[in-house]
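# Reading the structure
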Amino acid sequence: MKAEDFILKNYNSSVESGSVKWESPSNIALIKYWGKKENQIPENPSISFTLSNCKTITKLTYTKKETKDFSFDLYFEGKQNEAFKPKIQTFFERIETYVPFLRDYHFKIETSNTFPHSSGIASSASGMSALALCLMSIEVDLGADYTSEYFNKKASFLARLGSGSACRSIEGELVVWGQNESAESSDLYGIKFDGEVHSNFNNYQDTILLVDKGEKQVSSTVGHKLMYGHPFAQQRFAQAHENLAKLKAVLASGDLQSFVKIVESEALTLHAMMMTSMPYFILMKPNTLEIINKIWKHREENNSNVCFTLDAGANVHVLYPENEKESVLNFIKKELAVFCQNGHFITDVVGKGAQLIKK
Ligand code: DP6
């Protein structure tokens, strides 16, 4: 599909008001998106596990207005919030062509997260996907008649324009975004991974260790830009393609040892790109490294398949199969929680994607 296919052409302009509500999860990339072109087009394909417990709940109320500007109020966890407004304004500007009724209504956006505020967990994926889904439901309220396939694709397309990784939060349990050898995949939206997945990956566990809850020194948006002219950029983009092909085979075979190698290498490569860009920066903290070393030692000594991945921050996602749930949770409580701020971690599991909340 092309971007033009996502332009809403006809809608019922006599609808005065209404409200819609969605909850949408965060996701954790196994093959990382790092580096983008114009219009939020990724430099390389990525694949992620959709999560279950870490999610954003957003209610969008719309009321017809006369003026022709963008008009919205944002409430975060019950309180009016100005800080997030510029991001939403940019989002509206980017998607206006595809969602032409944006200037016809005043929007009240009421949003909250299930994970603690400023936990360092990326909320842009869950937040932008929830908002994109609400806009799609308004399209339906205004008379659009969509198949669920088109609905999800356009929701993902819009979410991508809010935040790249958000396009992988609409569905579960594995989502691929970015052109690769599979004919179905696209740079414009994420699609549910349609390859074979071994039962070893059923209910895969993700415990998020909150090493640093503070604001990051360098945002992802700035980090992506530093891939322009990066000395290792082209090799990195090629490597992501190779790793995706390898990971697909591993997902089918259930080979957990190979899974661990690909996933950890992707996480460290992401951070290596940050350390070798100009200007260079480091988002890992001493406790991030303590945790990584403990995970390696535990894996070695217990014949375990526990592994880690990182997103653009200091927190560690500990990934492990369901049959190691008890032992790894004990290990986390006994040996890793001390490296978390206030001992704080969040247990999560791979999930099926966003859900409409019925009024
Ligand atoms: C390291 O999606 O947050 O988490 O498109 O600028 O909003 P923008 O960036 P964002 O980048 C996320 C990068 C990552 C890897 C990943 O999720 O694939």
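Each value, and the rule that gives it
- Within each chain, residues carry numbers counting from 1 in the order of the written sequence.
- A pLDDT threshold of at least 70 governs which residues receive local features in this predicted model, and a stricter bar of 80 or more applies before side-chain atom pairs are shown or counted, although totals over entire chains, interfaces and linings include all residues.
- To obtain the side-chain values, all non-hydrogen atoms of the structure were used and water was disregarded.
- One heavy atom within 4 Å of a molecule or strand makes the whole residue count as near it.
- Pairing of N or O atoms within 3.5 Å defines a polar contact, subject to two protein rules: one partner must be a possible hydrogen donor and the other a possible acceptor, and residues neighboring in sequence count only if both atoms are side-chain atoms.
- Only the protein chains shown count as cover for residues, and the accessible areas themselves come from Shrake-Rupley with a 1.4 Å probe.
- Helix and strand labels come from DSSP, where a helix needs a run of H or I of at least four residues and a strand needs a run of E of at least two; each type is numbered from the N terminus.
- Under the convention adopted here, Pro, Cys and the residues Ala, Val, Leu, Ile, Met, Phe, Trp and Tyr are nonpolar, Asp, Glu, Lys and Arg are charged, and Gly plus all remaining residues are polar.
- We call a pair of cysteine sulfur atoms a disulfide whenever their separation is within 2.5 Å.
- Under the scheme applied here, a residue whose accessible area is under 20% of the maximum for its type counts as buried, over 50% as exposed, and between as partly exposed, the area being computed with a 1.4 Å probe on protein chains only.
- Should DSSP find at least two bridges between two strands, the strands are regarded as paired.
- Think of it as the arc spanned by the lines of direction from the helix axis to the C-beta atoms.
- The criterion used for residue contact is that any of the two residues' heavy atoms lie within 4.5 Å.
- Only C-alpha atoms enter the line fits that serve as axes; for helices the fit covers just the stretch in contact. Angles between N-to-C directions range over 0 to 180 degrees.
- Note that the term roughly parallel is reserved for angles under 35 degrees, roughly antiparallel for angles over 145, roughly perpendicular for angles of 65 to 115, and oblique for everything else.
- Working rule for handedness: look at the near helix, and if it is turned counterclockwise from the far one by less than a right angle, call the crossing left-handed; if clockwise, right-handed.
- Residues grouped as a nonpolar core are buried Ala, Val, Leu, Ile, Met, Phe, Trp, Tyr and Cys residues, joined through side-chain atoms within 4.5 Å.

Moving on: the site of the ligand. Close contacts around the ligand come from 17 residues, with Tyr 33, Lys 36, Ser 163, Gly 164 and Ser 165 the closest. At 2.6 Å, a side-chain N or O of Tyr 33 approaches an oxygen atom of the ligand. One nitrogen or oxygen atom from the side chain of Thr 221 is found 3.1 Å from an oxygen atom belonging to the ligand. Bound to the protein, the ligand loses 93% of the 460 Å² it would expose on its own. Per element, the largest residue contribution to the shell around the ligand is three residues, and it comes from helix H4 (residues 220–225). Classifying every residue of the shell around the ligand by side-chain character gives five nonpolar, eight polar and four charged.

Moving on, we come to the state of the cysteines. For the structure shown, the criterion picks out zero disulfides. Not part of a disulfide, Cys 167 finds its nearest cysteine sulfur in Cys 134, a span of 18 Å. The buried category is assigned to Cys 167, whose relative accessible area is 1%. With no disulfide of its own, Cys 307 lies 17 Å from the sulfur of Cys 340, the closest cysteine sulfur.

Judged by how many residues are buried, strand S1 (residues 17–31) sits mostly within the fold: 12 of 15 residues are covered. Alignment of S1 against strand S4 (residues 46–64), held across 13 bridges, turns out to be antiparallel. Looking across to S4, one finds that Trp 22 is bridged to Thr 58. With two bridges joining them, S1 and strand S14 (residues 355–356) adopt antiparallel strand pairing. In the sheet register, Glu 23 faces S14, and the bridge partner there is Gln 355.

Further remarks concern helix H8 (residues 325–336). Among the residues of H8, Val 328, Leu 329, Phe 331, Ile 332 and Leu 336 are the ones counted as buried. Mapping the buried residues of H8 onto a view down its axis gives an arc of 155 degrees, with all of them on the same face. Within H8, the exposed residues directed more than 90 degrees away from the buried face are Glu 326, Lys 333 and Lys 334. In this fold, the buried residues of H8 make contact with strand S10 (205–209), helix H7 (286–302), strand S12 (316–320) and strand S13 (345–349).

A word on the packing of helix H1 (residues 85–95) against helix H3 (residues 148–162). Close contact between H1 and H3 brings their axes to 8 Å; oriented N to C, the two are set at 130 degrees. When the interaxial angle is binned, H1 and H3 end up oblique. Between H1 and H3 lies a crossing of right-handed hand. Note on element contacts: H3 touches H1 through Leu 158, Leu 161 and Gly 162, opposite Phe 91, Arg 94 and Ile 95.

Next up on the list: unusual backbone geometry. Generally, phi is negative for residues other than glycine and the peptide bonds are trans, each holding for most cases. For the bond from Gly 172 to Glu 173, the omega torsion is -10 degrees, close enough to zero to count as cis. Locating Glu 173 in the fold gives a position in the loop between H3 and strand S8 (174–177). Backbone geometry places Asn 203, a non-glycine residue, at a positive phi of 50 degrees. Tracing the chain through its elements places Asn 203 in the loop between strand S9 (190–192) and S10. Its relative accessible area of 36% is what places Asn 203 among the partly exposed residues. If you check the backbone angles, Asn 342 has positive phi at about 55 degrees while not being a glycine. Structurally, Asn 342 can be placed in the loop between H8 and S13.

Let's shift gears to the side chain of Thr 269. Along the chain, Thr 269 turns up in helix H6 (residues 256–275). Beyond its immediate chain neighbours, meaning those up to four positions away, Thr 269 contacts Arg 236 and Gln 239.

Of all hydrophobic cores here, the largest spans 46 residues; its most connected members are Leu 60, Phe 92, Ile 95, Phe 107 and Phe 157. Sorting the residues of this core by element identifies S1, S4, strand S5 (71–76), H1, strand S7 (105–113), helix H2 (124–141) and H3 as the ones contributing at least two each. Top contributing element to this core by residue count: H2, with eight residues. Once residues within four sequence positions are removed from consideration, Ile 95 is found in contact with Leu 102, Leu 135, Leu 158 and Leu 161.

Bear in mind that shape data such as this cannot, by itself, settle questions of function.
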